[in-house]
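# Reading the structure
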Amino acid sequence: MGVGDIGKGYVQVYTGNGKGKTTASLGLAVRAAGHGLKTVIIQFMKGWIDYGELAGVRMLSPCVEIHQAGRDTFVNRKNPDPEDARLAREGFQLAKEVILGRKADIVVLDEVNCAMDFGLLPVPEVLELLRSKPDGMELVLTGRGAPQEIIDAADLVTEMREVKHYYRKGVDARTGVER
């Protein structure tokens, strides 16, 4: 692992309806890589191979690695496909291996809040993993709809709040900016 000293390590949550949660976690990974720290990012509910962060992270290898645990389609909140649940469980198992095996200095569980909110992962299991985090490791959970229990257990919570967004004017996600 890295040469930096992050102390005991904390649990960070980036949530809210505004843009920038995944971007903030990627910025943290870039900063950490600059200090030789190892970051593992597990993206829940994402499986689209054209996300810019996939190519960008390859440039930061071996300091940053990224894994997707989802399909290239939106998850139906009211009736999630069993495949979405299976992939979320698979991603969560990988997260447990990385965290409990101390395989990184920073672990980002991207969109894990959404996975819990959509019922793909049980909140108590994620809470148990947070409580099992070894000292010296930073853990970041992103996504809208962070459960109150996760917020209460975290050391830092940032809520991204949309004030104004060009999406409301019909602007689609742009390559290199939103994806």
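A few points on the structure. Note that the structure is a prediction, hence the values are computed from the model and not measured.

### Here we look at helix α5 (residues 123-132)
Within the sequence span of α5, burial applies to V123, V126, L127, L129 and L130. Buried residues of α5, viewed axially, fall in a sector of 160°; they line one side. Turned more than 90 degrees from where α5 packs its buried face, P124 and R131 sit exposed. Where α5 is buried, its residues meet β1 (11-15), α3 (82-100), α4 (112-117), β5 (138-142) and α6 (148-153).

### Quick notes on the environment of E90
Mapping E90 onto the fold places it in helix α3. Remark: the alpha-carbon pair of E90 and G70, spanning 20 residues in sequence, is separated by 9.3 Å.

### Description of α3
In this model α3 runs 27 Å from its N-terminal to its C-terminal C-alpha over 19 residues, within 8% of the 27 Å that 1.5 Å per residue would give. Where α3 is concerned, the buried positions are D84, L87, A88, G91, F92, A95, V98 and I99. Looking straight down α3, one finds that the buried residues subtend no more than 140° of arc, so they occupy a single side. More than 90 degrees from the buried face of α3, the exposed residues found are P82 and L100. The secondary structure elements touched by the buried residues of α3 are β2 (39-44), β3 (64-69), β4 (106-110), α5 and β5. Its side-chain oxygen placed 2.7 Å from the backbone nitrogen of E83, D81 serves as the N-cap of α3. Just beyond α3, the residue with positive phi is R102, at close to 55°.

### Brief notes about the environment of E162
Inspection of the secondary structure puts E162 in the segment after β6 (156-159). When its relative accessible area of 22% is taken as the criterion, E162 is described as partly exposed. In the structure, E162 is positioned 142 residues away from G20 in sequence and 9.8 Å away in space, judged by C-alpha atoms. E162 has contacts with N17, G18 and R168, leaving out every residue within four places of it along the chain. A polar atom in the side chain of E162 sits 2.9 Å from the side chain of R168.

### Some words on the side chain of K38
With respect to the helices and strands, K38 occurs in the loop between α1 (21-34) and β2. In this structure the side chain of K38 is engaged in a polar contact, spanning 3.4 Å, whose partner is the backbone oxygen of P62.

### A look at unusual backbone geometry
Cis geometry is found at the peptide bond from S61 to P62, where omega equals 5°. Checked against the element boundaries, P62 lands in the loop between α2 (52-59) and β3. In this structure, R102 takes a positive phi of about 55° despite not being glycine. Looking at the secondary structure, you find R102 in the loop between α3 and β4. With relative accessibility at 49%, the residue R102 sits in the partly exposed group. The phi angle at E111 is positive, at roughly 65°, despite the residue not being glycine. Tracing the backbone through its elements, the reader meets E111 in the loop between β4 and α4.

### So, the pairing of β1
Most of β1 is tucked away: 5 of the 5 residues are buried. Because side chains alternate across β1, one face comprises the buried residues V11, V13 and T15, and the other comprises Q12 and Y14, equally buried. With 4 bridges joining them, β1 and β5 adopt parallel strand pairing. Looking at β5, one finds that V13 is bridged to L141. As paired strands, β1 and β6 are joined by 4 bridges and run parallel to one another. Counted as the bridge partner of V13 is V157 from β6.

Conventions adopted
Residues numbered from 1 in each chain as written. Predicted model: local features only at pLDDT ≥ 70, side-chain atom pairs only at ≥ 80, totals over all residues. Heavy atoms only, no water. Buried < 20%, exposed > 50% of the residue type's maximum accessible area, 1.4 Å probe, protein only. Helix = DSSP H or I, 4+ residues; strand = E, 2+ residues; numbered from the N terminus. Arc of directions from axis to C-beta. Contact = heavy atoms within 4.5 Å. Expected span 1.5 Å × (residues − 1). Polar contact = N/O pair within 3.5 Å; in protein donor to acceptor, adjacent residues only side chain to side chain. Pairing = 2+ DSSP bridges.

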